[in-house]
Amino acid sequence: MSGSPQAGSPQAGSPQAGRLAAGRPYVLLSAAMSVDGYIDTASAARLVLSGEEDLDRVDAVRAGCDAILVGAGTIRRDNPRLLVRSLARRDGRVAGGLTASPAKVTISRSGELDPAARFFADADVAKLVYVPGSVAAGTRRRLGRVATVVAAGDPLDLRGMLADLAARGVARLLVEGGSLVHTQFLASGLADELQLAVAPFFVGDPAAPRLVRGGDFPHDAGHRMVLAEVGQIEDMALLRYLLRRHSGS
Ligand SMILES: NC(=O)c1ccc[n+]([C@@H]2O[C@H](COP(=O)([O-])OP(=O)(O)OC[C@H]3O[C@@H](n4cnc5c(N)ncnc54)[C@H](OP(=O)(O)O)[C@@H]3O)[C@@H](O)[C@H]2O)c1
């Protein structure tokens with residue numbers, strides 16, 4: 001991996017940090033979806049899945065992590081800020097010696113990201129952009145002012161990226177999508193936990209993005225995930241799965 005560390009990067013050993021799994025961070029995938037598995041619309045209109053209570057739950061999950069990762073597609077489509085919103089949680093992190101919000105991480109094959117995207121705002125939070133080595137120089141020219149650009153293999157190696165994050169002190173990584181990113185973490189057996197908030201309606205549009213695309217998932221009918229928790233938040237069901245590792249995953 002190449003790319004200089006960034007001031008304000010997360011610190012190891014935080015009380016919320018969680019465990020390190022085999023030289024990589026604990027990886028928690030989180031998504032909200034419709035009953036039929038859609039995470040957005042296919043049109044310009046955003047799909048509203050979560051109410052205030054679920055957004056607050058996700059805020060608490062964010063506050064307990066060292067870094068939040070979204071794919072470049074989600075940055076382009078949703079333009080998220082990826083910050084902890086609650087002042088009390090921000091203050092709690094700072095009191096614990098952390099930045100007010102976790103570091104922000106993205107992956108991109110093209111490096112084609114807009115430096116004005118909200119992902120790159122907030123000077124006190126580390127921003128890491130992992131790209132294949134072949135586009136690292138160009139991406140650094142585009143984004144070097146606003147983020148640390150890390151060359152992570154060619155093609156990009158997710159395991160190597162996770163090892164690099166661990167070396168930067170990230171013990172607990174929250175992956176917030178989108179579809180392709182969730183697919184790759186799940187298919188490559190690099191997820192430890194999946195939190196799904198299910199909204200009680202259907203989308204029914206095959207052109208809209210689903211939680212995952214097609215893939216060869218280690219957790220199939222013969223290798224079921226562990227259902228660790230079932231909850232209710234307003235009218236949404238919250239499902240928390242633990243993903244045991246299987247041979248070959
Ligand atoms: N409901 C929810 O909880 C939720 C949460 C987040 C997002 N979403 C939705 O998800 C949709 C976006 O999903 P998406 O599948 O289009 O995009 P995505 O998964 O966010 O990002 C895909 C992009 O990430 C980069 N990427 C992925 N795998 C890579 C790898 N192995 N190596 C290097 N780069 C890699 C590529 O970027 P480049 O194109 O730059 O090469 C790729 O195009 C949006 O509609 C968004 O609203 C929903």
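Residues numbered from 1 in each chain as written. Predicted model: local features only at pLDDT ≥ 70, side-chain atom pairs only at ≥ 80, totals over all residues. Heavy atoms only, no water.

Section: the overall build of the chain
Next up, step 1: Assigned secondary structure in the chain consists of six helices and nine strands.
Next up, step 2: Scored against the burial criterion, the 249 residues of the chain give a buried share of 52%.
Next up, step 3: Taking all contacts inside the chain whose residues are at least 6 apart in sequence as the whole, residues at least 24 apart take part in 74%.
Next up, step 4: Accessible surface for the chain amounts to roughly 11,300 Å². Of this, 54% is attributable to carbon and sulfur atoms. (Helix = DSSP H or I, 4+ residues; strand = E, 2+ residues; numbered from the N terminus. Buried < 20%, exposed > 50% of the residue type's maximum accessible area, 1.4 Å probe, protein only. Contact = heavy atoms within 4.5 Å. Areas by Shrake-Rupley, 256 points an atom, 1.4 Å probe, with all protein chains shown as cover.)

Observations regarding the site of the ligand
Next up, step 1: If you check the shell around the ligand, you find 26 residues, and the closest are Asp40, Thr74, Arg76, Ser108 and Gln184.
Next up, step 2: Between the ligand and Ser108 there is a distance of 2.6 Å, counted from an oxygen atom to a side-chain nitrogen or oxygen.
Next up, step 3: Between the ligand and Leu180 there is a distance of 2.8 Å, counted from an oxygen atom to a backbone nitrogen or oxygen.
Next up, step 4: Protein coverage of the free-state accessible area of the ligand, which is 930 Å², stands at 85%.
Next up, step 5: For the shell around the ligand, the secondary-structure elements that each account for two or more residues are β1 (26-34), α2 (72-78) and α6 (179-187). (Near = heavy atom within 4 Å. Polar contact = N/O pair within 3.5 Å; in protein donor to acceptor, adjacent residues only side chain to side chain.)

So, the side chain of Glu193
Next up, step 1: In this structure, Glu193 sits in strand β7 (residues 193-199).
Next up, step 2: Polar side-chain contacts of Glu193 include one of 3.1 Å to the side chain of Arg240.
Next up, step 3: In this structure Glu193 touches Tyr26, Val27, Leu28, Leu29, Arg240, Tyr241, Leu242 and Leu243, once residues within four positions along its chain are discounted.

Brief notes about the packing of aromatic side chains
Next up, step 1: On inspection of all chains with the given rule, the structure shows one aromatic pair.
Next up, step 2: In this structure, Lys104 packs its charged tip against the face of Phe119, placed 5.9 Å from the ring centre. (Phe/Tyr/Trp six-rings, centres within 6.5 Å; stacked < 30°, edge-to-face > 60°. Lys NZ or Arg CZ within 6 Å of the ring centre and 35° of its normal.)

Some words on the nonpolar core
Next up, step 1: Ranked by size, the top nonpolar core spans 34 residues in total, and within it Leu69, Tyr130, Met161, Leu165, Leu173 and Phe185 carry the most contacts.
Next up, step 2: Ignoring anything within four residues of it in the chain, the contact list for Phe185 reads Val27, Leu29, Leu69, Leu158, Met161, Leu162, Val175, Leu190 and Ala191. (Core = buried A, V, L, I, M, F, W, Y, C linked by side-chain atoms within 4.5 Å.)

What about the pairing of strand β3 (residues 103-107)?
Next up, step 1: Among the five residues that make up β3, five are buried, leaving the element largely enclosed by the rest of the structure.
Next up, step 2: Both faces of β3 are covered, namely the face carrying Ala103, Val105 and Ile107 and the face carrying Lys104 and Thr106.
Next up, step 3: In this sheet, β3 lies alongside strand β2 (residues 67-71) in parallel orientation, the contact comprising five bridges. Opposite Ile68, over in β3, you have Lys104 as the bridge partner.
Next up, step 4: Relative to strand β4 (residues 127-131), β3 runs parallel, the two being bridged by four bridges. Note that in β4 the partner of Ile107 across the bridge is Tyr130. (Pairing = 2+ DSSP bridges.)

Brief notes about the pattern of salt bridges
Next up, step 1: Inspection of every chain in the model, using the stated rule, returns 14 salt bridges.
Next up, step 2: Between Arg240 and Glu229 there is a salt bridge whose closest N-O contact spans 2.9 Å. Of the two residues, Arg240 is situated in strand β9 (residues 236-242) and Glu229 in strand β8 (residues 226-233); the sequence distance between them amounts to 11 residues.
Next up, step 3: The structure contains a network of salt bridges with shared partners spanning Asp56, Asp59 and Arg89. (Salt bridge = Lys/Arg side-chain N within 4 Å of Asp/Glu carboxyl O.)

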